[in-house]
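Close look at the chain arrangement
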Amino acid sequence: MKPVPVLLITHDDLLWQHWRALDPARWLAARGRGLADLQRWREQGRALAVLDTGLPRLPSWQDPIWAPTLADMRVVVASPSPNDEEGTRVLGAGAHGYCHGYAPAASLSQALEVVASGGIWMGRSLVSRLLKLVAERTQDTHSWDGGLLTEREITVARYAANGQANAPIAEALGITERTVKAHLSAVFEKLGVADRLQLALLVHGISAPADSRIKITS
């Protein structure tokens, strides 16, 4: 299999040397030094990139420039001191991954594998933060299910999306845990989601493509 081209954008020569430890049999690394290089990468028909948050004059993650900049791209944002607040803003801006800039080459490679295949890469604490945020959002209608679910499946889905385990759901609804599992299996299949996190994103009104995969890191 031919190496996959990936643009590594950083001004930091030490970080560039660290990133170059990626397996050359799997990744064909090119260096970029700014967002203009990301635009040229897109124009070449490329999509995969790693972006260092330490770049000089990097726009705020709330800046509307990120929407067109990251459109149709699969970008992992790497920070020398990652934190959940920044990670939330990064993913909200349209990036597909967030990690430590000096993560081992094997970990960065794994992140690139997930993002290149359409998934999202984030840490466990960031997942927890995201679930808390979406739990604060509610919808008054059943529009999120597209009319595909039964009333009981909708009820089970809402409980699960708010973090309830199977046993409490079963007790609340007066059904068995096996029945809860059966309802959730039907919900996952009908909605095209892979797990409870994707279900929570959908129920609480945050877009989650049916074919996306979310990778939770330790």
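**What to know about helix H2 (residues 35-43)**
Buried within H2 we find Asp-37, Leu-38 and Trp-41. Considered in projection along H2, the buried side chains sweep an arc of 105° and stay on one side of the axis. A positive phi of about 85° marks Gly-45, the residue just after H2.

**Structural notes on the packing of aromatic side chains**
Applying the stated criterion to the full structure yields 1 aromatic pair. Judged by centre distance (4.3 Å) and plane angle (20°), the ring pair of Trp-61 and Trp-66 falls under stacked. Comparing Trp-61 with Trp-66, the two get one shared label, buried. If you follow Arg-26 out to its NZ or CZ, it ends over the ring of Trp-27, 4.4 Å from the centre. Sitting over the ring of Trp-41, Arg-46 keeps its end group 5.8 Å from the ring centre.

**Here's the deal with the pairing of strand E5 (residues 97-100)**
By the bridge criterion, 4 bridges tie strand E4 (residues 74-79) to E5 in an arrangement that is parallel. Across the sheet, the residue bridging to Val-76 is Gly-97, located in E5. Tracing the backbone out of E4, into helix H4 (residues 84-93) and back to the parallel element E5 gives a crossover that is right-handed.

**Re the packing of helix H7 (residues 151-161) against helix H9 (residues 177-191)**
Packing of H7 against H9 leaves a shortest axis separation of 9 Å and a crossing angle of 95°. Judged on the interaxial angle alone, H9 and H7 are roughly perpendicular. For the pair H7 and H9, contact is made by Arg-152, Glu-153, Val-156, Ala-157 and Ala-160 and by Val-180, His-183, Leu-184, Ala-186, Val-187 and Lys-190, respectively. Split by residue class, the contact of H7 with H9 holds 7 nonpolar, 1 polar and 3 charged.

**Observations regarding unusual backbone geometry**
Within the chain, Arg-57 stands out as a residue other than glycine whose phi angle is a positive 60°. Within the secondary structure, Arg-57 is located in the loop between strand E3 (48-52) and helix H3 (66-70). Arg-57 sits in the exposed class, given a relative accessible area of 78%. Positive phi outside glycine occurs at Asp-72, with the angle close to 65°.

**Comments concerning the pattern of salt bridges**
What the rule picks out here adds up to 4 salt bridges. One salt bridge in this structure joins Lys-190 and Glu-153, with 2.9 Å as the shortest N-O distance. Placement of the pair is Lys-190 in helix H9 and Glu-153 in helix H7, with a sequence separation of 37 residues. Under the relative-accessibility criterion, Glu-153 is labelled buried at 7%.

**Digging into the packing of H9 against helix H10 (residues 196-203)**
Taken N-terminus to C-terminus, the directions of H9 and H10 make an angle of 65°; their axes are 11 Å apart at the nearest point. For the element pair H9 / H10, the angle class is roughly perpendicular. Once H9 is placed against H10, the crossing between them reads as left-handed. Mapping the contact onto sequence places Leu-184, Val-187, Phe-188 and Leu-191 in H9 and Arg-196, Leu-199 and Leu-202 in H10.

**Describing the confidence of the model for the protein**
For the protein, mean pLDDT is 86; residues scoring 70 or higher make up 88% of the total. A low-confidence stretch, residues 207-213 stays under pLDDT 50, and its non-local contacts, those more than four residues away or across chains, total 14 contacts.

**Focus on the nonpolar core**
When a protein is soluble and globular, its nonpolar side chains tend to lie buried together. Formed by 23 residues in total, the largest nonpolar core has its most connected members in Leu-38, Leu-51, Trp-61, Val-75 and Val-77. Of all the secondary structure elements, the ones that give two or more residues to this core are strand E1 (4-9), H2, E3, H3, E4, H4, helix H6 (124-135) and H10. In terms of residues, this core owes the most to one element, H6, which gives 3 residues. Residues Trp-144, Ala-157, Ala-160 and Ala-200 belong to the second largest nonpolar core, which totals 19 residues.

**Quick notes on the environment of Ile-120**
Residue position: Ile-120 is located in strand E6 (residues 120-123). Ile-120 sits in the partly exposed class, given a relative accessible area of 24%. Linking Ile-120 and Leu-91, residues 29 residues apart in sequence, is a C-alpha distance of 8.9 Å.

Calculation notes
- Residues numbered from 1 in each chain as written.
- Predicted model: local features only at pLDDT ≥ 70, side-chain atom pairs only at ≥ 80, totals over all residues.
- Heavy atoms only, no water.
- Buried < 20%, exposed > 50% of the residue type's maximum accessible area, 1.4 Å probe, protein only.
- Helix = DSSP H or I, 4+ residues; strand = E, 2+ residues; numbered from the N terminus.
- Arc of directions from axis to C-beta.
- Phe/Tyr/Trp six-rings, centres within 6.5 Å; stacked < 30°, edge-to-face > 60°.
- Lys NZ or Arg CZ within 6 Å of the ring centre and 35° of its normal.
- Pairing = 2+ DSSP bridges.
- Right-handed = clockwise from strand over helix to strand, strands pointing away.
- Axes fitted to C-alpha atoms, helices over the stretch in contact; angles between N-to-C directions.
- Parallel < 35°, antiparallel > 145°, perpendicular 65-115°, else oblique.
- Contact = heavy atoms within 4.5 Å.
- Nonpolar A, V, L, I, M, F, W, Y, C, P; charged D, E, K, R; others polar.
- Salt bridge = Lys/Arg side-chain N within 4 Å of Asp/Glu carboxyl O.
- Left-handed = near helix turned anticlockwise from the far one by under 90°.
- pLDDT = per-residue confidence, 0-100.
- Core = buried A, V, L, I, M, F, W, Y, C linked by side-chain atoms within 4.5 Å.

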